[in-house]
Amino acid sequence: MAKIVGVHGINQEFRGSNTIYDRWLPALKDGLERVGARLDSDHEFRCAFYGDLFRGRSKSAIGIPNYDASDIDSDWEKELLLEWWKEAAKVEDDIKGPADLSREKATPKLVQKALNALTGSRFFGGVAEKIVIYFLKQVGGYLHNPDLRQQIRGRIVEAIDQDTRVLVGHSLGSVVCYEALCQHPEWSVEVFVTLGSPLGIKGLIFDRLEPSPVSNLGSWPGSVKRWINIADAGDIVALEKELNPLFNGLVEDKLVYNGSDAHNASNYFTASETGEAIKLGLIDE
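Here's what I pulled together on the structure shown here.

Rules and cut-offs
- Residues numbered from 1 in each chain as written.
- Predicted model: local features only at pLDDT ≥ 70, side-chain atom pairs only at ≥ 80, totals over all residues.
- Heavy atoms only, no water.
- Helix = DSSP H or I, 4+ residues; strand = E, 2+ residues; numbered from the N terminus.
- Salt bridge = Lys/Arg side-chain N within 4 Å of Asp/Glu carboxyl O.
- Buried < 20%, exposed > 50% of the residue type's maximum accessible area, 1.4 Å probe, protein only.
- Contact = heavy atoms within 4.5 Å.
- Axes fitted to C-alpha atoms, helices over the stretch in contact; angles between N-to-C directions.
- Parallel < 35°, antiparallel > 145°, perpendicular 65-115°, else oblique.
- Nonpolar A, V, L, I, M, F, W, Y, C, P; charged D, E, K, R; others polar.
- Core = buried A, V, L, I, M, F, W, Y, C linked by side-chain atoms within 4.5 Å.
- Right-handed = clockwise from strand over helix to strand, strands pointing away.
- Pairing = 2+ DSSP bridges.
- Expected span 1.5 Å × (residues − 1).

So, unusual backbone geometry
Right, so step 1: Between E210 and P211 the backbone carries a cis peptide bond, its omega angle lying at 5 degrees.
Right, so step 2: One can find P211 in the loop between β4 (191–195) and β5 (226–232).
Right, so step 3: A positive phi angle, near 55 degrees, is found at S215, a position not held by glycine.
Right, so step 4: If you trace the backbone, S215 turns up in the loop between β4 and β5.

The following block contains the structure:
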């Protein structure tokens, strides 16, 4: 089977493993080409897919529910929304952030202000506020629904075998991959690559990882030999760009520039830093 397995993040419920593979494979090849490497066969890469678990069975033609600010009903959702707003204000000059989040409570008015700012940001590309809320609920669904969490991790288990040497997780997929690696130290995966990862968001994601961090340090992911974390400085999802201080082992943090679409998976794959990281797992010792 495949030497490289890629795992997607949120907002992929209307795609599948084949459609994501078709998007990612050329980008992965370009990244490898930039560092003088190549795949011996396209079959060396495959994508694990779990987006359909979020698709649901809508009884109307609406598709995504008409969420509004009142549907952000948990403290966790409010906190992550405000963190996204704060980061957007940090990386985009025309976004005005909250005066002082440490002193302000997540009132309905403040939540609406955050939604207004994010839907008008370059990062979210002018999407409707119900889409931003939908994104929040997908991340929260993984972290707070144990059955769904195990189902999603099961999709990664199905995609990996004794030939797999590199596991690449984008966005929420990096969290799924991390937990799956911790759960399966017997795997032969040698290189773990995280792209646009939210793993370092303390209090909201980092502290909810399985296994739980000990003394403010996360576990090393299974028996991998190298972990390369790659983030764009303007990637709002990757709130914490440096993961090395947070985990028990050497995480190699690298910054890249993805242009205006900072969180785009294909842009990450074409970066030479990503190509170099994946190349490590293709070298026969």
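Comments concerning the pattern of salt bridges
Right, so step 1: Counting across every chain of the model gives 16 salt bridges.
Right, so step 2: The salt bridge partner of D73 is K137, with a shortest N-O separation of 3.8 Å. Note that D73 is positioned in the loop between β2 (45–48) and α2 (75–91) and K137 in helix α4 (residues 129–144), a separation of 64 residues in sequence.
Right, so step 3: Residues R226 and E252 are paired through a salt bridge, measuring 2.5 Å at the closest nitrogen-oxygen approach. You can see R226 sitting in strand β5 and its partner E252 sitting in strand β6 (residues 251–256), a full 26 residues away along the chain.
Right, so step 4: Bridged by salt links that share partners, the residues R149, R153, E179 and E210 form one connected network.

A look at the side chain of E87
Right, so step 1: Residue placement: E87 occurs in helix α2.
Right, so step 2: The exposure class of E87 is buried, given its relative accessible area of 6%.
Right, so step 3: Excluding residues within four positions of it along the chain, E87 makes contact with I236, L239 and K241.

Some words on the environment of E129
Right, so step 1: Its location among the elements puts E129 in helix α4.
Right, so step 2: As for E129 and W220, which are separated by 91 residues in sequence, their C-alpha atoms are 37 Å apart.
Right, so step 3: Sequence-distant contacts of E129, defined by excluding residues within four places in its chain, comprise Y67, D68, A69, Q112, L115, N116 and T119.

So, the packing of helix α3 (residues 108–119) against α4
Right, so step 1: The contact between α3 and α4 brings their axes to 9 Å, and the two run at 105 degrees. When the axes of α3 and α4 are compared, the pair comes out roughly perpendicular. Residues Q112, L115, N116, L118 and T119 of α3 form the contact with α4, whose participating residues are E129, V132 and I133.
Right, so step 2: Looking at the contact of α3 with α4 residue by residue, the classes come out as four nonpolar, three polar and one charged.

Side note on the nonpolar core
Right, so step 1: Membership of the largest hydrophobic core comes to 68 residues, with the highest contact counts inside it found for L81, W84, I156, L167 and F247.
Right, so step 2: Elements with a contribution of two residues or more to this core: β1 (4–7), α2, α3, α4, α5 (146–159) and α6 (172–183).
Right, so step 3: In terms of residue count, α4 provides more of this core than any other element does, nine residues in total.
Right, so step 4: Counting 31 residues, the second-largest nonpolar core is a separate cluster that includes L25, L28, V168 and L282.

Examining the pairing of β4
Walk down a regular strand and you will see the side chains alternate between the two sheet faces.
Right, so step 1: Buried residues dominate β4, accounting for five of its five residues.
Right, so step 2: The side-chain alternation of β4 yields two buried faces, one formed by V191, V193 and L195 and the other by F192 and T194.
Right, so step 3: Note on the crossover from strand β3 (residues 166–170) through α6 to β4: the handedness is right-handed.
Right, so step 4: The pairing of β4 with β5 spans five bridges and is classified as parallel. Of the residues in β5, the one forming a bridge with L195 is I230.

What to know about the sheet that holds β4
Right, so step 1: Taken in spatial order, the six strands line up as β2-β1-β3-β4-β5-β6 in an open sheet, and their pairing is parallel. Two strands in the sheet have a free side with no partner beyond their single neighbour: β2 and β6. Going across the sheet, the axis of each strand differs from the next one's by a mean of 20 degrees, ignoring polarity.
Right, so step 2: Relative to β2, β1 is paired through four bridges, and the arrangement is parallel. Looking at β2, one finds that G6 is bridged to C47.
Right, so step 3: Packed on one face of the sheet, α5 meets β1, β2 and β3 and runs near 160 degrees to β2.
Right, so step 4: Packed on one face of the sheet, α6 meets β1, β3, β4 and β5 and runs near 140 degrees to β3.

Looking at α6
Right, so step 1: Taking 1.5 Å of rise per residue, 12 residues should cover 16 Å, and α6 covers 17 Å from first to last C-alpha, within 8% of that figure.
Right, so step 2: Across the 12 residues of α6, 11 count as buried, placing the element largely inside the fold.
Right, so step 3: For α6, the full list of buried residues reads L172, G173, S174, V175, V176, C177, Y178, E179, A180, L181 and C182.

Just geometry here; none of it tells us what the structure is for.
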